[in-house]
Amino acid sequence: MTEIRFNGAPSIAAYSVLLRSMHQAPDILSLARKAPVMFNELELLQYREQQIPGSVQYTIHRYRRQSQFEVDDMGMLVYHRVEKNSKENYLELRFCISGNTYCRQKEIECDNCRFSLSSSCEQKSPSVDVLSFLFSPTHLSQFINGGKMKSMPDEIVHFRHASSFSKTLTLCGKTRTVLEALLNHNYSGSMENIFLNAQMQMLLLYSLECMIGEKEEMAFTCKFLANESDREKIEKAREILLQHIGEPITIKELSRKVAINECYLKKGFKELYGTTVFDFYQSQRMEHARYLLYEKGLSVTEVSLMLGYSSISHFSTAFKKHTGIKPCELLLR
């Protein structure tokens, strides 16, 4: 087991740089939790990364599920296309599921499980599982059929869809069955590669089925996001928010800075990042506040002033709404 931790609390500037370096597609675990995830909160039970020869690269992160860590099951399709450099194109499927159990002794069944001696095995933990499958254009080319492209899935597999996008997917029973099989199989060697390859093709099929019949403009609910320059304005707005963690900024000011209508800014931000401008901003501020309080040992007063709050009570109320506890209670832990 490995526990992921940051070494100390970053400054506001460093914190902004760290978040801006993340992939622009929404983080599926944050979307599933409906709040930003700080990975020092999570205990990593298992990590696996593998490249199936001639096929797909995949990663699996299995985290211990905590009682207060509520997560929705969800999927996401990320389509990345670079017009002038096809080598950078890729299609990625991301999934987040909960409700499974991870056992450290899966490879070697213990006596408690073998003889049903214990209903609460110490080696088993409820888990939150995050899976990613990366399909290259070379791999997808085997599925290309000549002739006119009849649907959006055809455009995606051919990498003919004009712009990059990410789209959340509803997990059907078939998809859940495949994901659970991938997490719990007992194959090894060549048999494992054959099994994994088959399951990944099924995931790709079920995910593309969700998009059948959609037109190009339906990739985004907000049609203006089909324009790359408008998407860049939304992405720039996110960067500015991260730069102003300690300096509150209004939506009106933000819209002026990126030269986009306030309404478009709010709608586009919600679609690209799965949360409102205000909720995203507040979540980032409160997570940074948690670092400053718990990791760096600053006082409630100091953190309140650093984040631009006019009073300690306002800061305390916002912190409790986001974390469920008061700032002073965190300091006692």
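Along each chain, residues carry numbers from 1 onward, in the same order as the chain's sequence is written. Reporting of local features is limited, given that this is a predicted model, to residues whose pLDDT is at least 70; pairs of side-chain atoms are given and counted only at 80 or more, and all residues count toward the totals for whole chains, interfaces and linings. Neither water nor hydrogens contribute to the side-chain values; these are computed over all heavy atoms in the structure.

Asks: I tried to follow the side chain of Gln 199 on my own but got confused; where do I start?
Replies: With respect to the helices and strands, the residue Gln 199 is situated in helix H7 (residues 189–209). Contacts between residues were defined by any pair of non-hydrogen atoms, one from each residue, lying within 4.5 Å. Residue contacts for Gln 199: discarding those within four places in its chain leaves Val 178, Ala 181 and Leu 182. Here a strand is any run of E in DSSP of at least two residues, a helix any run of H or I of at least four, and the numbering for each starts at the N terminus.

Asks: What is the right way to look at the packing of helix H8 (residues 228–243) against helix H9 (residues 251–258) in this model?
Replies: For any two helices packed against each other, the geometry comes down to the angle between their axes and how far apart the axes lie. One can describe the packing of H8 onto H9 by two numbers: an axis separation of 9 Å at closest approach and a directional angle of 125°. On the basis of the axis angle, H8 is oblique to H9. Here the hand of the crossing between H8 and H9 comes out right-handed. Along the contact surface, H8 presents Lys 233, Lys 236, Ala 237, Ile 240 and Leu 241, while H9 presents Leu 254, Lys 257 and Val 258. A breakdown of the residues in the contact of H8 with H9 according to their chemical character gives five nonpolar, no polar and three charged. For helices, the fitted line uses only the C-alpha atoms of the stretch in contact; every axis is such a line through C-alpha atoms, and the angle between N-to-C directions lies from 0 to 180 degrees. Just so you know how the angles are binned, under 35 degrees is roughly parallel, over 145 roughly antiparallel, 65 to 115 roughly perpendicular, and the rest oblique. Here is the rule for handedness: rotate from the far helix to the near one, and if that takes an anticlockwise turn smaller than a right angle the crossing is left-handed, while a clockwise turn gives right-handed. When residues are grouped by polarity, Ala, Val, Leu, Ile, Met, Phe, Trp, Tyr, Cys and Pro land in nonpolar, Asp, Glu, Lys and Arg in charged, and all others, Gly among them, in polar.

Asks: Which parts of the structure should I look at to understand the packing of helix H6 (residues 173–184) against H7?
Replies: It is at 10 Å that the axes of H6 and H7 come closest, and there the two elements cross at 155°. Relative to H7, the element H6 lies roughly antiparallel. H7 is crossed by H6, and the crossing has left-handed handedness. Here Lys 174, Thr 175, Val 178, Leu 179, Ala 181 and Leu 182 of H6 come into contact with H7, specifically with Phe 195, Leu 196, Gln 199, Met 202, Leu 203, Tyr 206 and Glu 209. The class makeup of the residues in the contact of H6 with H7 is nine nonpolar, two polar and two charged.

Asks: How should I be thinking about a nonpolar patch on the surface in this particular structure?
Replies: Within this analysis, patches are made of residues with over 30% relative accessible area and no salt bridge. Like charges are joined at 9 Å or less; nonpolar side chains (Val, Leu, Ile, Met, Phe, Trp, Tyr) at 5 Å or less. Surface accessibility follows the Shrake-Rupley procedure with a 1.4 Å probe radius. Residue values consider only the protein chains on display as shielding. Salt bridges are identified by distance alone: a Lys or Arg side-chain nitrogen within 4 Å of an Asp or Glu carboxyl oxygen. A grouping of Tyr 187, Met 191 and Ile 194 is seen on the molecular surface, where their side chains present a nonpolar patch of about 330 Å² in accessible area. Of note, Tyr 187 is situated in the loop between H6 and H7.

Asks: What is the right way to look at the confidence of the model for the chain in this model?
Replies: In regions of low pLDDT, the predicted coordinates are not meant to be interpreted in detail. On average, residues of the chain carry a pLDDT of 77, and 76% of them reach 70 or more. Confidence of the predictor at the level of single residues is given by pLDDT, which spans 0 to 100. Scored below 50 in pLDDT, residues 1–23 shows 46 contacts in the model against residues more than four places distant or in partner chains. Contacts of residues 213–218 to residues separated by more than four positions or lying in other chains number six contacts, the stretch itself having pLDDT below 50.

Asks: Mind showing me how you'd approach H6 here?
Replies: Two residues of an α-helix separated by three or four positions point the same way, owing to the 3.6 residues in each turn. Its 12 residues give H6 an end-to-end C-alpha distance of 16 Å, which sits within 8% of 16 Å, the value for a rise of 1.5 Å per residue. Of the surrounding secondary structure, the elements contacted by the buried residues of H6 are strand E3 (57–64), strand E5 (90–103), strand E6 (124–135) and H7. Expected helix span is given by 1.5 Å per residue-to-residue step, counting one fewer step than there are residues.

Asks: Could you clarify how one ought to interpret the nonpolar core in this entry?
Replies: In summary, soluble globular proteins display a tendency toward joint burial of nonpolar side chains. Working definition of a nonpolar core: buried Ala, Val, Leu, Ile, Met, Phe, Trp, Tyr and Cys residues. They are joined through side-chain atoms within 4.5 Å. A 1.4 Å probe rolled over the protein chains alone gives each residue an accessible area, and that area as a share of the maximum for its type sets the label: buried under 20%, exposed over 50%, partly exposed in between. Grouped together as the largest cluster of nonpolar side chains are 32 residues, with contacts concentrated most on Leu 91, Phe 133 and Phe 135. Listing elements by their share of this core, those giving two or more residues are E3, strand E4 (74–80), E5, E6, helix H5 (152–158), strand E7 (165–169), H6 and H7. In terms of residue count, H7 provides more of this core than any other element does, seven residues in total. Among residues more than four places away in sequence, those in contact with Phe 133 are Val 56, Gln 57, Tyr 58, Leu 91, Glu 92, Leu 93, Phe 95, Leu 179, Leu 182, Met 200 and Leu 203. Formed by 16 residues, the second largest nonpolar core is a distinct cluster that contains Ile 249, Val 277, Phe 280 and Tyr 281.

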